[in-house]
Structures are given as structure tokens and as C-alpha cells.
Amino acid sequence: QVQLVESGGGLVQAGGSLKLACVASGRNFVIGTMGWYRQAPGKQRELVANITRAHNINYADSVKGRFTISRDNAKNTVYLQMNSLKPEDTAVYYCNAGCTVFIPTPRYLEVWGQGTLVTVST
């Protein structure tokens with residue numbers, strides 16, 4: 001079993017910054033790509049950014065130049081530095097990881113965190 005725990009959400013004024021973190025924990029697993037998704041009220045969940053183990057990165061066009069994703073493989077942790085926040089960034093942000101688990105049998109799983117709320121005020 002693998003668990004993802006997000007932190008760092010909160011309320012910030014437009015133009016401000018927040019840094020999210022997500023830590024993966026468990027036993028008998030390895031982490032591949034990790035990413036951040038968000039879901040705003042009344043909208044579908046969308047990819048914000050993801051990053052491979054080799055640190056190849058993909059960003060949504062809406063956050064390019066403002067958000068930075070990074071990871072620490074030794075700590076199984078992914079971060080999202082969010083700068084120049086806009087009201088339209090308001091959403092629940094979810095951490096995602098592609099995990100290979102070995103118990104009870106080797107297989108690939110998509111694991112999600114519980115989400116952390118980011119609210120950007122006008």
C-alpha cells in the first residue's frame with residue numbers, strides 16, 4: 001500500500017505564492033512519474049504539472065512561467081512552487097503518483113492524495 005499526503009495549501013492573495021508538498025510512504029513500492037492535478041468547483045480535474053524520475057517536466061499552459069514542479073527521489077517527495085497566483089488557480093490540488101507495488105503481486109497503480117485546498121482571493 002502507498003499513501004500520498006499533501007500539504008501547503010491555504011488562502012493567499014492574488015499575486016502571492018504558495019508551495020505544496022506531497023510525500024509518498026508505504027512499503028514494497030517504487031515511484032515513477034509524480035504530478036499535481038487540480039479540480040475547481042464545477043470543473044473537471046486537470047493536470048497542472050508532472051515530473052518523471054529523470055526530472056522531465058510537463059506543465060499546463062495556464063501555469064507555465066508561474067509554477068515550478070520538482071522532486072526529491074530519495075524522499076519520495078514532489079513539490080509545486082506556485083508564484084503569481086491568480087483567482088482562477090483556486091482549486092483542490094491533488095498529488096498523483098504512478099507506483100509499482102510488489103505485494104501481493106507486482107503491478108502498477110495510480111495513487112492519489114486526499115487533496116489540499118488552494119484559495120486565491122481577489
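Quick summary incoming for the structure in this document. The model shown is predicted, which means the values in this text are computed figures rather than measured ones.

Thresholds, definitions, all that
Residues numbered from 1 in each chain as written. Predicted model: local features only at pLDDT ≥ 70, side-chain atom pairs only at ≥ 80, totals over all residues. Heavy atoms only, no water. Pairing = 2+ DSSP bridges. Helix = DSSP H or I, 4+ residues; strand = E, 2+ residues; numbered from the N terminus. Axes fitted to C-alpha atoms, helices over the stretch in contact; angles between N-to-C directions. Patch = residues over 30% accessible without salt bridge, like charges linked within 9 Å, V, L, I, M, F, W, Y side chains within 5 Å. Areas by Shrake-Rupley, 256 points an atom, 1.4 Å probe, with all protein chains shown as cover. Salt bridge = Lys/Arg side-chain N within 4 Å of Asp/Glu carboxyl O. Buried < 20%, exposed > 50% of the residue type's maximum accessible area, 1.4 Å probe, protein only.

Our focus in this paragraph is the sheet that holds strand S8 (residues 77-82). Reading across from one edge, S1-S3-S8-S7 is the order of the 4 strands in this open sheet, with antiparallel pairing throughout. For this open sheet the edge positions go to strand S1 (2-7) and strand S7 (67-72), each flanked by a neighbour on one side alone. Strand-to-strand, the axes of this sheet are offset by a mean angle of 15 degrees, without reference to chain direction. Pairing analysis gives 6 bridges linking S1 to strand S3 (residues 18-26), with the strands arranged antiparallel. Bridge pairing links Val2 to Gly26 in S3.

A cluster of nonpolar side chains, namely Val30, Phe102 and Ile103, defines an oily patch on the protein surface of about 270 Å² accessible area. In this fold, Val30 is placed in strand S4 (residues 29-39). The class of Val30 is partly exposed, set by a relative accessible area of 42%.

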